[in-house]
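What follows is each chain in one-letter form.
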Amino acid sequence: MANGQWFPPEWPERIRALAEGTLTPVAPRRAATVMLLKDDHGTPAVHMLRRRASMAFAGGAYAYPGGGVDPRDDDHQIRWAGPTRAWWAKRLGVDETSAQAIVCAAVRETYEEAGVLLAGPAPDTVVGDTTGEQWEADRAALVARDLSFAEFLDRRGLVLRSDLLGAWTRWITPEFETRRYDTWFFVAALPEGQRTRNASTEADRTVWIRPADAAERYDKGELLMMPPTVATLRQLVPYGSAADALAAAPARDLTPVLAKARLANGEVVLTWPGHDEFTKHIPTGGAPA
């Protein structure tokens, strides 16, 4: 392959069905993912995990910590620091309860999959260490959905630090996919005193890597990734530090990116608006080119 773009084998058939009007799109679930950054000799490095090859979706692909929103976090009033829920609602383009749940999902998934917690006992603090049996028991309960993130924060007496997040971009899974997500991508800096670890059951490897290096290895076909991952890596390249990327986040356009498929000249043409590098031409009955 020319690069490391992950392309499911069932896509051509489903794309043709969508273009012909015989496929009804699945409604997307709300989700959040976090590009966790730390400074590395004049440029930020980003924390990435490699999905296990056995995973049904994007097995072997590199991605960021992330996952679906827990509806239980919509209405529970948690202790909250940083921009208000109303501010986040306007920024994310949703109502206030959804905004809280999306931000909670971003912080929860970072904790579940990287062991990093963007919360503290006071509005201007973060926890310094999330290792130990009790922390791990709570993390496991979150992963199993036996405990909501709002309940976890209450139990621990913690304040969610929404000011440590920056909303970066928004991508919606193409309409022809069987599993669809409406995903908000965030940036965050690794808090002082905390360390990442591979805490995800869905990943077999984690790395800290410079965005430019990750994108170059994707271009060479060495790292497998999905279009949103590659696009966001390229967007991070110009920034000299994690702080610079966070400072740039409030001005970022959050108009959703949604792939479009159409039939033209006997082939399916798949495009991502604003991201020409991912365009695919799929001959009828053939493989993508």
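Because the structure is a prediction, the values reported are computed rather than measured.

### Structural notes on the overall build of the protein chain
Next up, step 1: Scanning the protein chain for helices and strands turns up eight helices and 14 strands.
Next up, step 2: Its C-alpha atoms give the protein chain a radius of gyration of 19 Å, near enough to 19 Å, the size a compact globule of 289 residues would have.
Next up, step 3: Principal-axis analysis of the C-alpha atoms places the extent of the protein chain at approximately 60 × 40 × 35 Å.
Next up, step 4: Counting over 289 residues, the protein chain shows a buried share of 52%.
Next up, step 5: The long-range share in the protein chain, meaning contacts at least 24 apart out of those at least 6 apart in sequence, stands at 70%.
Next up, step 6: Accessible area of the protein chain: about 12,600 Å², with a carbon and sulfur share of 49%.
Next up, step 7: Seen as two clouds, the 33 positive and the 38 negative side-chain charges of the protein chain have centres 2 Å apart.

### Side note on the nonpolar core
Next up, step 1: L92, L117, F152, L165 and F186 are the most contacted members of the largest nonpolar core, which totals 39 residues.
Next up, step 2: Taken together, the elements giving at least two residues each to this core come down to β1 (29-39), α2 (85-92), α3 (96-114), α4 (133-143), α5 (149-156), β8 (165-172) and β9 (181-189).
Next up, step 3: For this core, the element with the highest residue contribution is α3, accounting for nine residues.
Next up, step 4: Beyond its immediate sequence surroundings of up to four residues, F186 is in contact with A32, T33, V34, M35, W88, L92, I102, A106, L165, G166, A167 and W168.
Next up, step 5: In this structure, L18, F185, L270 and W272 belong to the second largest nonpolar core, which totals 37 residues.

### Concerning the packing of α4 against α5
Next up, step 1: Here α4 crosses α5 at 160 degrees, and the two axes come no closer than 10 Å. Between α4 and α5, the crossing angle belongs to the class labelled roughly antiparallel. Classified by chirality, the crossing of α5 by α4 is right-handed. Each of Q134, W135, D138 and L142 in α4 lies in contact with α5, whose residues at this interface are F149, F152, R155 and R156.
Next up, step 2: Partitioning the contact of α4 with α5 into residue classes produces four nonpolar, one polar and three charged.

### Concerning the side chain of R108
Next up, step 1: Mapped onto the secondary structure, R108 falls in helix α3.
Next up, step 2: The class of R108 is buried, set by a relative accessible area of 1%.
Next up, step 3: Apart from the residues lying within four places of it in its own chain, the contact partners of R108 are G68, D70, D73, L142, R145 and F149.

### Observations concerning the sheet that holds strand β12 (residues 260-264)
Next up, step 1: If you trace the three strands from one edge of the open sheet to the other, you get β12-β13-β14, paired in antiparallel fashion. What marks the edges here is a single partner per strand, and that holds for β12 and β14 (280-283). Across the sheet, the axes of successive neighbouring strands diverge by a mean angle of 25 degrees, strand direction being ignored.
Next up, step 2: Relative to strand β13 (residues 267-271), β12 runs antiparallel, the two being bridged by five bridges. Looking at the pairing, A264 lines up with E267 of β13.

### Side note on α4
One turn of the α-helix equals 3.6 residues, which is why residues spaced by three or four share an orientation.
Next up, step 1: What α4 keeps buried is the set W135, D138, R139, A141 and L142. Around the axis of α4, the buried residues are gathered within 160 degrees of arc, so they sit on the same side.
Next up, step 2: Buried residues belonging to α4 abut α3 and α5.
Next up, step 3: Phi for R145, located one or two positions after α4, is positive at around 65 degrees.

### Considerations on the sheet that holds strand β7 (residues 159-161)
Sheet strands pair by backbone hydrogen bonding; their relative direction is either parallel or antiparallel.
Next up, step 1: Taken in spatial order, the three strands of this open sheet run β5-β7-β6, and their pairing is mixed. Only two strands of the sheet have a single partner each, and these edge strands are β5 (80-81) and β6 (119-120).

### Considering the pairing of β8
Next up, step 1: Where burial is concerned, most of β8 is hidden: eight out of the eight residues are buried.
Next up, step 2: Of the pairings in the sheet, the one linking β8 to strand β11 (residues 257-258) comprises two bridges and is parallel in character. Bridge assignment links I172 to a residue of β11, and that residue is L258.

Analysis parameters
Residues numbered from 1 in each chain as written. Predicted model: local features only at pLDDT ≥ 70, side-chain atom pairs only at ≥ 80, totals over all residues. Heavy atoms only, no water. Helix = DSSP H or I, 4+ residues; strand = E, 2+ residues; numbered from the N terminus. Rg over C-alpha atoms; globule rule 2.2 N^0.38 Å. Buried < 20%, exposed > 50% of the residue type's maximum accessible area, 1.4 Å probe, protein only. Contact = heavy atoms within 4.5 Å. Areas by Shrake-Rupley, 256 points an atom, 1.4 Å probe, with all protein chains shown as cover. Lys, Arg positive; Asp, Glu negative; His and termini not counted. Charge placed at Lys NZ, Arg CZ, Asp CG, Glu CD. Core = buried A, V, L, I, M, F, W, Y, C linked by side-chain atoms within 4.5 Å. Axes fitted to C-alpha atoms, helices over the stretch in contact; angles between N-to-C directions. Parallel < 35°, antiparallel > 145°, perpendicular 65-115°, else oblique. Left-handed = near helix turned anticlockwise from the far one by under 90°. Nonpolar A, V, L, I, M, F, W, Y, C, P; charged D, E, K, R; others polar. Pairing = 2+ DSSP bridges. Arc of directions from axis to C-beta.

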